[in-house]
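# Fold and geometry: a report
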Amino acid sequence: MTPRLVVHELSKHFGGIVAADGVSFELLDAECLGLIGPNGAGKTTVCSIIAGEQMASAGTVRLDGHDLAGLPVYQRARRGLSRTYQRLEIFPEMTVLDHLLVAQGVHDGATGLLGDLMGSGGSSQQQKNAAEETLELVGLGDYADVVVGTLSLGYCRLVELARSLVVNPRVLLADEPSSGLDSLESVAMGDVLQRAQRERGLSIILVEHDLEMVARLSDRVVVMQSGLVVATGSFDEVMADQDVRDAYLGVGK
Amino acid sequence: MSEALSYMIPGVPFGCTMALIAIGLVLTYRSTGVFNFAFGAQAYAAAYLYAFFTAHGLARGVAGVLAIVVISPCLGILADRLVFSRITSGNVTAKTVAALALMVGLPAAISVAFGPTSLASPPSLLFNVNNVVVHIDGVAIDGVQVSTVLITLAVLVILTTVLRSTAVGIEMRAAVESPRLLRLQGVNSIRVSSIAWGVSSGLAGLAGVLFAPRYAVVSIDNYTFLLVAAIAAAAVVGLNSMVGAFLVATALGVAISLTTGYAPSNSSWTTGLFAAIPFFVLLLVLAFNPKLRTLDVSADPLINAEPPPTFAALPPPLRVVDRSLFITRAVVMLVIIVSMMTWVPSVWVYALTGGMALSLVFLSITLTTGAAGQVSLCQATFAGVGAFTAGQLATHGVPVLTGALIGGLVAAGAGILAALPALRLRGLALSLSTLTFALLADGLVFPTSWVSGDQTGLSIPRPQIGSVNFATQSTRSLFLLVTAIVAAVSFIFWLLLKGATGRNLDASRQSPLATAGLGFSLSKAKIMVFGISAVTAGLGGALYGSTLQVVSPADFSFQMSLLFVVVVVTIGCRTVSGAIGAGLAYAALSQALTYSPNRLAPASLLSLLFALGALRYARHPQGLLEDGRRAVLRLAHRFRKFPAKNSDAVFLGARSS
């Protein structure tokens, strides 16, 4: 099976600090890959490099066999990379539905001035239907007309996720989706991600500190520490690894 | 060698004066997160008050203490308490607009309070400017120069020591990272912020008083140059080091002094080119210093803990109210047009025709600031490019309306040129970049005779369509023509803003990172926004010029750009009707104020009123027109007798718990 995303020997240096050092992994079709590690391990840096927000010092990222080197964020997004953010990135003055319509409009290339001048710059019924379907998927069906700035953090995270899902991405980079959520909200977020993966055949890179969520969702897990990959395998395998236990519990290093 | 020294040495105290402002900029930015565009205006205010006090017999020392130690810090603390401390740390646009409002409003307030006449240069604070203290290689150094250098060095040493070694210094440095964390540690962040504002404003006052004796009169123009040069110095060190800012400012002062000294005395353009060195430095630094691209990125780990904007206070929209308001506005517009065509005195028709033309320039601000959230400070420059192009083409027989269209296209070129160095910039850095662009146009392009004609200005004739010559017709017919053009352009803008373009720009204003992550090219959008806004401003400038019939560089200076932004955000920068309302309000108020006593400085009073209006932006970014709509909505809800329709939005916040 051709991997959907291949990260090969990815490195990132900030002056003398090594944030990622020769990181390699593959993401298969409809697979959820957990990317875990202690704070400062380099998980978010790897995520940002894959998304194009930071340039790698070395290494390659290939999506569906195409090298993404040199492509800016927006071009990677158009090729099917979608992400949610550890630090919430929403449009607080827009409604929930508008978040999804913006995403669809940009993805479908409805940014032409001519279209607006001809009065066809609005969203099509097909786009609205797809948006409503996605809102139902994440459980926000009743919130379509609510302005997002008035919602609680948990709902905002769901809006962010729905905005990523509505364009049917090839790969979803979910960067700490449970950040700031309580345990019940985390479980609900995990349910939504699982449902999205199951129903849409989504490939997910899940960067997460909530190990219960990682255990429940991930087919395989990559563990990072100090910029290096220290273990790869199923959740149970990596948790049995002494290096991983040391990384999390700080024993012996 | 002595010739070079004779040019270089005066540059050191000049650079030190710039350094005081630069240090103040760094200090305020590092301790409050605000980039205070109003420092030049604060320096001017202190210099003016110092000159006023000494002219009225107060001793130099007492006048200096009053201006520098009492009034300047109080002004800074007031600005912080009343305006800046109420703006959330991540709202860069609001901070920039507030600082611009102060930059416009403070000199205007001085003129309104003390009259429009410029004051003569005051005596120097410590030593007589004519007293030679020392000779260096034959070059005489006077008392003012020596005292300026010594005072600047003393200030630098004291401030650096305080910031590095004292508790309040550490608190000031921590305050910019996260005022919320500081408060959680039990520190009164309001006190810390006030100290920073007081000290930095005192520095601005000191620079103003030290700088004043160098010129014949106390003029705001000199302080604006001082400010931009100081900004360049502060930007070179990434707004991060007071010592670095001092060194760079001093080097800039020497470079300017040296190059202008060697410039041919018969070429004002060459002199202007060398005087523009700080502007070029600023442009280069903005383009190539990656640190400045992340100026707006807050390091506050609790940034998301900031309280959300007050959406819950918004009344839900009601179709019936919006339809009624639309009809009301249409009727008001119709009444204005009919009145203008019949009974309104011609002097008012003339003023409102100019205002209507300016509403095109204001529409350009609706796109840049209202939709895209970028505070561009060179929109008047684009208007000037359009006007001067139309005027020059008219001298070669090109009809003025054709010239206006070509002027718009040339302005679009200028807009794209202005956008190129700003492609990777946003927020504060983009505002600085556009300000520099405007200053370069003001200093090097607009004053030349091949652009703006001779000393009397450049003539732009009234249009002619077929056999209808608007030069021989009354101004009423010109008003109708300009209104028709504005209506057509407004309709295009309305389509753009309600379509995908407006929605995507709205999203990029609220979260550029997320919008790019959806596949939206921010760089292409920036070029598009600058191009469209410049073509609109250029067309508006040409029509405005055709209304005035003679234009000069002063009509399109960077000060006008600042004023225009202030006017539009006061009335409403997010809607097409806001731009048209701003044009008419600006013209009507200007005309009305001509009936006020000259002692009140009507032009300054106008600026002051709009600056006060713009200070509302942080809490009311929607402007007065939208405020009016919301007031009507609240009233409608209070007396509502009709049931809510399903299409009405869910009451905001009702489901947020």
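Residues numbered from 1 in each chain as written. Chains lettered and ligands numbered in written order. Predicted model: local features only at pLDDT ≥ 70, side-chain atom pairs only at ≥ 80, totals over all residues.

Looking only at helices and strands, chain B has 27 helices and six strands in total. The C-alpha atoms of chain B give 26 Å as radius of gyration, which agrees with the globular expectation for 657 residues (26 Å, within 12%). Relative to its full complement of 657 residues, chain B shows a buried share of 52%. Considering only contacts in chain B between residues 6 or more positions apart, those separated by 24 or more positions represent 80%. (Helix = DSSP H or I, 4+ residues; strand = E, 2+ residues; numbered from the N terminus. Rg over C-alpha atoms; globule rule 2.2 N^0.38 Å. Buried ≥ 20, exposed ≤ 12 C-beta atoms within 10 Å, placed from the backbone. Contact = placed C-beta atoms within 7 Å.)

This part covers the sheet that holds strand S10 (residues 228-233) of chain A. All names here are of chain A. Overall, mixed pairing links the six strands, which are arranged S6-S7-S8-S3-S9-S10 in an open sheet. Where the open sheet ends on each side, the last strands, each with one partner, are strand S6 (81-84) and S10. Neighbour to neighbour, the strand axes of the sheet diverge by 20 degrees on average, direction disregarded. Across four bridges, the pairing between S6 and strand S7 (residues 171-175) is parallel. Bridged to Leu 81 within S7 is Val 171. The sheet contacts of helix H1 (residues 43-51) involve strand S3 (32-36), S6, S7, strand S8 (203-207) and strand S9 (220-225), and relative to S7 the element is tilted by about 145 degrees. Here helix H6 (residues 153-165) sits on the sheet and contacts S6 and S7; the angle it forms with S6, its principal contact strand, is near 180 degrees. (Pairing = 2+ DSSP bridges. Axes fitted to C-alpha atoms, helices over the stretch in contact; angles between N-to-C directions.)

Okay, the pairing of strand S2 (residues 17-27) of chain A next. Within a regular beta strand, the side chains point alternately toward one face of the sheet and then the other, so they alternate between its two faces. All names here are of chain A. Where strand S1 (residues 5-14) and S2 come together, seven bridges link them in antiparallel fashion. The residue bridging Lys 12 from the neighbouring strand is Ala 20, located in S2. Linking S1 back to S2 in an antiparallel pair, the connection comprises two residues, with Gly 15 at a positive phi of about 60 degrees.

All names here are of chain B. Each assigned domain of chain B is listed with its residue range as follows: domain 1 (2-273) and domain 2 (347-636). Using C-alpha coordinates to define each centre, domain 1 is positioned 31 Å away from domain 2. Each partner contributes to the interface: domain 1 provides 27 residues, whereas domain 2 provides 30 residues. Counting residues per element, the ones that place at least two in the side of domain 1 that touches domain 2 are helix H5 (92-114), helix H10 (220-236) and helix H12 (268-275). (Domains from an automatic or database assignment.)

Time to look at the packing of helix H15 (residues 346-371) of chain B against helix H20 (residues 475-498) of chain B. Residue and element names in this part refer to chain B. Contact geometry of H15 with H20 gives a least axis separation of 9 Å together with a crossing angle of 15 degrees. In terms of orientation, H15 and H20 fall into the roughly parallel class. You can see that H15 and H20 cross each other, and the crossing is left-handed. Here Ser 346, Val 349, Tyr 350, Leu 352, Thr 353, Met 356, Ala 357, Ser 359, Leu 360, Leu 363, Thr 366 and Ala 371 of H15 lie close against H20, whose contacting residues are Thr 475, Arg 476, Leu 478, Phe 479, Val 482, Thr 483, Val 486, Val 489, Ser 490, Phe 493 and Leu 497. (Parallel < 35°, antiparallel > 145°, perpendicular 65-115°, else oblique. Left-handed = near helix turned anticlockwise from the far one by under 90°.)

Residue and element names in this part refer to chain B. Taking 1.5 Å of rise per residue, 17 residues should cover 24 Å, and helix H16 (residues 379-395) covers 25 Å from first to last C-alpha, within 8% of that figure. Among the 17 residues in H16, 15 count as buried, and that is most of the element. Immediately downstream of H16, the backbone of Gly 397 shows phi near 90 degrees, a positive value. (Expected span 1.5 Å × (residues − 1).)

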